[in-house]
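Inside the fold
In case you want the letters, here they are:
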Amino acid sequence: MLDIPYPYMPEGRTILYVSMDNSFMQDAKKTAQEYSLDKNYPNASVIVKDGMIIARGANGSTYHDEHGCERRRQNIPTGQGYELCEGCHPKNHGEPSALRDAKEKGVDPTGADLYLWGHWWCCEPCWNMMIDAGINNVYLLENAHEIFVKK
(Lines give C-alpha, C1' and ligand atoms only; values in the text may rest on other atoms or scores of the structure.)
Protein backbone atom coordinates (compact mmCIF):
# COMPACT_ATOMS: atom_id res chain seq x y z
CA MET A 1 0.00 0.00 0.00
CA LEU A 2 1.26 3.48 -0.87
CA ASP A 3 1.95 5.94 1.92
CA ILE A 4 0.24 9.00 0.41
CA PRO A 5 -0.76 11.87 2.71
CA TYR A 6 -4.34 12.30 1.49
CA PRO A 7 -6.06 15.43 2.77
CA TYR A 8 -8.94 13.17 3.81
CA MET A 9 -9.54 9.43 4.10
CA PRO A 10 -12.52 7.93 5.96
CA GLU A 11 -11.81 5.29 8.53
CA GLY A 12 -11.90 1.79 7.12
CA ARG A 13 -11.56 2.93 3.52
CA THR A 14 -8.69 2.90 1.07
CA ILE A 15 -8.01 3.93 -2.50
CA LEU A 16 -7.04 1.34 -5.07
CA TYR A 17 -5.01 2.04 -8.20
CA VAL A 18 -5.16 0.88 -11.80
CA SER A 19 -3.07 1.60 -14.86
CA MET A 20 -4.20 3.61 -17.86
CA ASP A 21 -4.67 0.25 -19.62
CA ASN A 22 -7.80 -0.27 -17.53
CA SER A 23 -10.84 0.21 -19.78
CA PHE A 24 -12.92 1.84 -17.01
CA MET A 25 -10.16 4.38 -16.31
CA GLN A 26 -9.94 5.05 -20.05
CA ASP A 27 -13.67 5.72 -20.09
CA ALA A 28 -13.37 8.07 -17.10
CA LYS A 29 -10.62 10.02 -18.90
CA LYS A 30 -12.69 10.25 -22.08
CA THR A 31 -15.70 11.43 -20.05
CA ALA A 32 -13.57 14.13 -18.41
CA GLN A 33 -12.20 15.31 -21.74
CA GLU A 34 -15.64 15.46 -23.34
CA TYR A 35 -17.87 16.70 -20.52
CA SER A 36 -15.90 18.46 -17.79
CA LEU A 37 -16.70 22.15 -17.48
CA ASP A 38 -13.42 22.73 -15.62
CA LYS A 39 -10.89 22.99 -18.43
CA ASN A 40 -7.97 23.60 -16.01
CA TYR A 41 -8.60 20.49 -13.89
CA PRO A 42 -11.00 18.18 -15.71
CA ASN A 43 -11.99 15.01 -13.94
CA ALA A 44 -14.72 12.45 -14.25
CA SER A 45 -16.02 9.31 -12.61
CA VAL A 46 -17.56 6.16 -13.95
CA ILE A 47 -19.53 3.79 -11.76
CA VAL A 48 -19.07 0.10 -12.55
CA LYS A 49 -21.31 -2.73 -11.37
CA ASP A 50 -21.11 -6.34 -12.45
CA GLY A 51 -18.43 -5.45 -15.00
CA MET A 52 -20.54 -2.79 -16.74
CA ILE A 53 -20.54 0.99 -16.58
CA ILE A 54 -23.86 2.06 -15.09
CA ALA A 55 -23.21 5.81 -14.74
CA ARG A 56 -20.83 8.62 -15.65
CA GLY A 57 -20.24 12.13 -14.42
CA ALA A 58 -17.76 14.95 -14.95
CA ASN A 59 -16.79 17.86 -12.75
CA GLY A 60 -17.18 21.59 -13.15
CA SER A 61 -19.53 24.48 -13.47
CA THR A 62 -19.45 27.71 -15.42
CA TYR A 63 -19.12 29.75 -12.21
CA HIS A 64 -15.33 30.05 -12.41
CA ASP A 65 -15.50 31.38 -15.99
CA GLU A 66 -17.32 34.51 -14.84
CA HIS A 67 -16.29 34.89 -11.21
CA GLY A 68 -12.96 33.14 -10.76
CA CYS A 69 -12.31 31.07 -7.68
CA GLU A 70 -12.69 32.52 -4.19
CA ARG A 71 -10.64 29.68 -2.72
CA ARG A 72 -7.72 30.48 -5.03
CA ARG A 73 -7.96 34.21 -4.22
CA GLN A 74 -7.69 33.34 -0.53
CA ASN A 75 -4.98 30.69 -1.12
CA ILE A 76 -7.06 28.03 0.64
CA PRO A 77 -5.47 24.54 0.60
CA THR A 78 -6.99 21.72 -1.39
CA GLY A 79 -9.90 20.04 0.33
CA GLN A 80 -10.89 23.07 2.40
CA GLY A 81 -13.35 25.93 2.03
CA TYR A 82 -15.56 24.47 -0.68
CA GLU A 83 -18.49 26.41 0.80
CA LEU A 84 -16.69 29.69 -0.06
CA CYS A 85 -16.87 29.15 -3.82
CA GLU A 86 -19.91 28.05 -5.80
CA GLY A 87 -17.66 26.65 -8.52
CA CYS A 88 -15.79 24.44 -6.05
CA HIS A 89 -18.86 23.15 -4.25
CA PRO A 90 -18.85 19.33 -4.00
CA LYS A 91 -22.09 19.17 -6.01
CA ASN A 92 -19.86 20.07 -8.97
CA HIS A 93 -17.36 17.24 -8.39
CA GLY A 94 -17.17 14.20 -10.67
CA GLU A 95 -18.15 11.64 -8.03
CA PRO A 96 -21.58 13.12 -7.12
CA SER A 97 -22.17 13.89 -10.79
CA ALA A 98 -21.86 10.17 -11.55
CA LEU A 99 -24.09 9.30 -8.59
CA ARG A 100 -26.75 11.72 -9.92
CA ASP A 101 -26.48 10.04 -13.32
CA ALA A 102 -27.12 6.65 -11.70
CA LYS A 103 -30.15 8.02 -9.86
CA GLU A 104 -31.53 9.65 -13.04
CA LYS A 105 -31.15 6.32 -14.87
CA GLY A 106 -32.85 4.46 -12.03
CA VAL A 107 -29.86 2.20 -11.38
CA ASP A 108 -28.75 1.22 -7.90
CA PRO A 109 -25.04 1.88 -7.26
CA THR A 110 -24.99 -0.32 -4.15
CA GLY A 111 -22.03 -2.68 -4.43
CA ALA A 112 -20.54 -0.84 -7.40
CA ASP A 113 -17.02 0.55 -7.81
CA LEU A 114 -16.12 4.09 -8.84
CA TYR A 115 -13.22 4.97 -11.15
CA LEU A 116 -12.04 8.58 -10.92
CA TRP A 117 -9.71 10.10 -13.51
CA GLY A 118 -8.12 13.52 -13.13
CA HIS A 119 -7.70 13.74 -9.36
CA TRP A 120 -5.45 12.19 -6.71
CA TRP A 121 -7.88 11.89 -3.78
CA CYS A 122 -11.55 12.27 -2.83
CA CYS A 123 -12.82 14.99 -0.50
CA GLU A 124 -14.88 14.28 2.60
CA PRO A 125 -18.25 15.31 1.10
CA CYS A 126 -17.64 13.08 -1.93
CA TRP A 127 -16.55 10.15 0.23
CA ASN A 128 -19.69 10.59 2.34
CA MET A 129 -21.90 10.56 -0.76
CA MET A 130 -20.17 7.47 -2.13
CA ILE A 131 -20.41 5.62 1.19
CA ASP A 132 -24.09 6.57 1.55
CA ALA A 133 -24.73 5.31 -2.00
CA GLY A 134 -23.08 1.97 -1.24
CA ILE A 135 -19.98 2.35 -3.43
CA ASN A 136 -17.54 -0.46 -2.58
CA ASN A 137 -14.18 0.60 -3.97
CA VAL A 138 -12.66 3.77 -5.36
CA TYR A 139 -10.02 3.44 -8.06
CA LEU A 140 -7.60 6.14 -9.15
CA LEU A 141 -4.97 6.15 -11.86
CA GLU A 142 -1.65 4.81 -10.62
CA ASN A 143 0.67 7.71 -9.72
CA ALA A 144 -2.33 10.05 -9.59
CA HIS A 145 -0.78 11.72 -6.54
CA GLU A 146 2.11 12.83 -8.79
CA ILE A 147 0.20 13.45 -12.03
CA PHE A 148 -2.83 15.39 -10.80
CA VAL A 149 -1.59 17.40 -7.81
CA LYS A 150 -2.59 21.05 -8.33
CA LYS A 151 0.37 23.36 -8.61
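One structure accompanies this document, and this report is about it. Because the structure is a prediction, the values reported are computed rather than measured.

Points about the side chain of Ser45
Within the element layout of this structure, Ser45 appears in strand S2 (residues 44-49). One polar contact links the side chain of Ser45 to the main-chain amide nitrogen of Glu95, over a distance of 3.5 Å. Ignoring anything within four residues of it in the chain, the contact list for Ser45 reads Ala55, Arg56, Gly57, Gly94, Glu95, Ala98, Leu114, Tyr115 and Leu116.

Remarks on the pattern of salt bridges
Across all of its chains, the model carries 4 salt bridges by this definition. Glu70 is the salt-bridge partner of Arg73, the closest N and O atoms lying 3.0 Å from each other. Of the two residues, Arg73 and Glu70 are both situated in helix H3 (residues 70-73); the distance of 3 residues between them amounts to about one turn of the helix. The salt bridge partner of Glu86 is Lys91, with a shortest N-O separation of 2.5 Å. By relative accessible area, Glu86 is classed as partly exposed at 35%.

Here we look at the sheet that holds strand S3 (residues 52-58)
Taken in spatial order, the 5 strands of this open sheet run S1-S5-S4-S2-S3, and their pairing is mixed. Pairing within the sheet leaves two strands with one partner each, and these edge strands are strand S1 (15-18) and S3. Between one strand axis and the next, the sheet turns through 25 degrees on average, direction left out of account. In the packing of helix H4 (residues 94-105) onto the sheet, contacts are made with S2, S3 and strand S4 (113-117), and the angle to S3 comes to roughly 125 degrees.

What counts, and where the lines are drawn
- Residues numbered from 1 in each chain as written.
- Predicted model: local features only at pLDDT ≥ 70, side-chain atom pairs only at ≥ 80, totals over all residues.
- Heavy atoms only, no water.
- Helix = DSSP H or I, 4+ residues; strand = E, 2+ residues; numbered from the N terminus.
- Polar contact = N/O pair within 3.5 Å; in protein donor to acceptor, adjacent residues only side chain to side chain.
- Contact = heavy atoms within 4.5 Å.
- Salt bridge = Lys/Arg side-chain N within 4 Å of Asp/Glu carboxyl O.
- Buried < 20%, exposed > 50% of the residue type's maximum accessible area, 1.4 Å probe, protein only.
- Pairing = 2+ DSSP bridges.
- Axes fitted to C-alpha atoms, helices over the stretch in contact; angles between N-to-C directions.

Scope: geometric values only; no functional claims are made or implied.
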